[in-house]
Amino acid sequence: MKGPWLPIYGSGAVIILLVTLPFKQYPIAVYFAGAAAATMLEYITGVCMVKIFEVRYWDYSD
């Protein structure tokens, strides 16, 4: 799968939605919860991709 059809985009959106729903009355908390959830999701996905497929999608070394 390539482009917008990667499952990480849909599952990531659902995970971030579920994490931020309890904070819907507090916009600042929604922002920070969403940022934390997105960061954790990207980190966990990156670690799994390296361990399972030996591929590094997010490489910011350059």
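On a predicted model such as this, the values are computed, not experimentally measured, just so you know.

Definitions and limits used
- Along each chain, numbering runs from 1 in the same order as the chain's sequence is written.
- Local features in this predicted model are restricted to residues whose pLDDT is 70 or higher, and side-chain atom pairs enter the listing and the counts only when it is 80 or higher, whereas totals over whole chains, interfaces and linings include all residues.
- Only hydrogens and water are set aside; all other atoms, that is, all heavy atoms of the structure, feed into the side-chain values.
- Each pair of aromatic rings taken from Phe, Tyr and Trp, with Trp reduced to its six-membered ring, is defined by centres within 6.5 Å and is described as stacked if the planes are under 30 degrees apart, edge-to-face if over 60, and tilted in the remaining cases.
- Only protein chains enter the area calculation, which uses a 1.4 Å probe; residues under 20% of their type maximum are buried, those over 50% are exposed, and those in between are partly exposed.
- Structural elements are reduced to axes, namely lines fitted to C-alpha atoms, with helices fitted over the stretch in contact, and the angle between N-to-C directions of any two is expressed from 0 to 180 degrees.
- Secondary structure counts use DSSP, requiring at least four H or I residues in a row for a helix and at least two E residues in a row for a strand, with both numbered from the N terminus.
- Crossings are sorted by hand: turned counterclockwise from the far helix by less than a right angle, the near helix makes the crossing left-handed, and turned clockwise it makes it right-handed.
- Every residue pair with non-hydrogen atoms within 4.5 Å of one another is taken to be in contact.
- Residue polarity is assigned by list, with Asp, Glu, Lys and Arg as charged and Ala, Val, Leu, Ile, Met, Phe, Trp, Tyr, Cys and Pro as nonpolar; anything else, Gly included, falls into the polar class.

### Comments concerning the packing of aromatic side chains
Phase 1: A complete count under the given rule lists one aromatic pair for this structure.
Phase 2: With 5.1 Å between their ring centres and 80° between their planes, Tyr31 and Phe32 make a pair best called edge-to-face. Each member of the pair, Tyr31 as well as Phe32, carries the same accessibility label: exposed.

### Considering the packing of helix H1 (residues 7-20) against helix H2 (residues 27-53)
Each pair of packed helices gets described by two things: the angle between the helix axes and the distance between those axes.
Phase 1: Running from amino to carboxyl end, H1 crosses H2 at an angle of 140°, the nearest separation of the two axes being 9 Å. Viewed along their axes, H1 and H2 form a crossing whose handedness is right-handed. Note on element contacts: H2 touches H1 through Val30, Ala33, Gly34, Ala37, Ala38, Leu41 and Thr45, opposite Ile8, Gly12, Ile15, Ile16, Val19 and Thr20.
Phase 2: In terms of residue class, the contact of H1 with H2 is built from nine nonpolar, four polar and no charged.

These figures capture arrangement, not role.
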